[in-house]
Structure formats: structure tokens, C-alpha cells
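# Structural characterization, general
Spelled out, the chains give:
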Amino acid sequence: MNHYSHILLAADLSGENPKTSQRAKQLAACFDAKLSLVHVVEYLPLDYGGDQIYPMDLDLEDKLVSRAREELERLGMELGVPPSDQHVVIGAAKVELLHLAEEQGVDLIVLGSPGRRGLALLQGSPANAVLHRAHCDVLAVRVEDRRGRPDLATGSGTAWIE
């Protein structure tokens, strides 16, 4: 088994599943590894026929980043991760996670693998992209849907039809 020295937790702050963050904390303790946190703010303006449509509130991106920093700081306090090891970046999650992991010398990325439906399922998940392109090991922690049930999209159980 590898001895990990730097673990990066990709935190999904929109209803962060504690299972993922606790798994990263346990692994960091087990290997006496440094634990870092990252959250990627994905902000994509709509594009209809080549014309970019921006929201009325041009400070939206700043507000999203500010809110993410607050939430990440709260998670960092819970996990014992100092502010210097907490990162909020803007861009595409699959690109930014890989870039930060390589830049920081990470040897294990821990992320949640939530179920996806509709168009998101067809486009693929950031977790899948990271898994196939990372320079280091990746642990995709299977998470449950909002009702606490396994989700077919992640391959973790039976489909629920409502």
C-alpha cells in the first residue's frame, strides 16, 4: 500500500456529504499526511447563439467565491486544516482539481461521486474526469442521494422511481 504524504479533499460545499470529508480526515490521520481542501466555483455565463448573457448582478462571481471561502473555512476548522491549506479556485472542476493537485504535489485526491441525472449524466462527472486524468491516486467516495438512498447513476444500488 502506498504511503500518502499529501491528501487533497475536493469539497462540494453544496450539501457536503460528511462521509467524504470524514474519509479524507481518517486517511490523513492513518498516513500522518498533510490534508488540504479545495472547492471549485464553476461559473459559466449562458451562451445563446454566440451572444453572452450575463446576470444582472455582475458581482455574482465574487459573492460565490466569498461564500465558498466561508464554507471552506468552516469545514477546515472541523477537519483541523489551516487556512493556508484551504483553496477556492474558479473554473472547471475537472481541470482545476488536477492543476492544483499537481501544483501542490498531492499524492491522493479524495472526492465524492454523487449521482447525476439527465444531461449531467450524459456529460460525465468531474469525479470521472479526475479519476482518468490524475497524475496521482484518486479515491471516489460513493455518496447517497439527498434522501439517503443509493443512486443508480453511481452504480451504488437500485434505481428509485418516483
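Residues numbered from 1 in each chain as written. Predicted model: local features only at pLDDT ≥ 70, side-chain atom pairs only at ≥ 80, totals over all residues. Heavy atoms only, no water.

Time to look at the overall build of the protein. The helix and strand tally for the protein stands at 5 helices and 7 strands. Secondary structure elements of the protein occur, N-terminal to C-terminal, as β-α-β-β-β-α-β-α-β-α-α-β. Of all 162 residues assigned to the protein, the portion counted as buried reaches 36%. Put simply, of all contacts in the protein between residues at least 6 apart along the chain, 74% involve residues at least 24 apart. Accessible surface, the protein: about 10200 Å² in total, of which carbon and sulfur atoms supply 53%. (Helix = DSSP H or I, 4+ residues; strand = E, 2+ residues; numbered from the N terminus. Buried < 20%, exposed > 50% of the residue type's maximum accessible area, 1.4 Å probe, protein only. Contact = heavy atoms within 4.5 Å. Areas by Shrake-Rupley, 256 points an atom, 1.4 Å probe, with all protein chains shown as cover.)

For the coordinates displayed, the defined rule picks out 3 salt bridges. Linking Glu 71 and Arg 67 is a salt bridge whose minimum nitrogen-to-oxygen distance equals 3.4 Å. A residue pair is termed a helical-turn pair when its members lie 3 or 4 positions apart in one helix, as Glu 71 and Arg 67 do in helix H2 (residues 60–79) at 4 residues. Each of Arg 67, Glu 71 and Arg 74 takes part in a single network of salt bridges with overlapping partners. (Salt bridge = Lys/Arg side-chain N within 4 Å of Asp/Glu carboxyl O.)

Right, let's talk about the environment of Pro 18 for a bit. With respect to the secondary-structure elements, Pro 18 resides in helix H1 (residues 18–31). Spatially, the C-alpha atoms of Pro 18 and Leu 75 are 9.8 Å apart, while their sequence positions differ by 57 residues.

Glancing now at the nonpolar core. Ranked by size, the top nonpolar core spans 23 residues in total, and within it Ile 7, Leu 9, Leu 35, Leu 75 and Val 110 carry the most contacts. Counting only elements with at least two residues in this core, the list comes to strand E1 (6–10), H1, strand E2 (34–41), H2 and strand E6 (108–113). Ranked by residues supplied to this core, first place goes to H2 with 5 residues. Discounting residues that sit within four places of it in the chain, Val 110 has contacts with Ile 7, Leu 8, Leu 9, Ala 10, Thr 20, Ala 24, Leu 27, Leu 139 and Val 141. Membership of the second largest hydrophobic core comes to 17 residues, among which are Val 38, Ala 93, Ile 109 and Cys 136. (Core = buried A, V, L, I, M, F, W, Y, C linked by side-chain atoms within 4.5 Å.)

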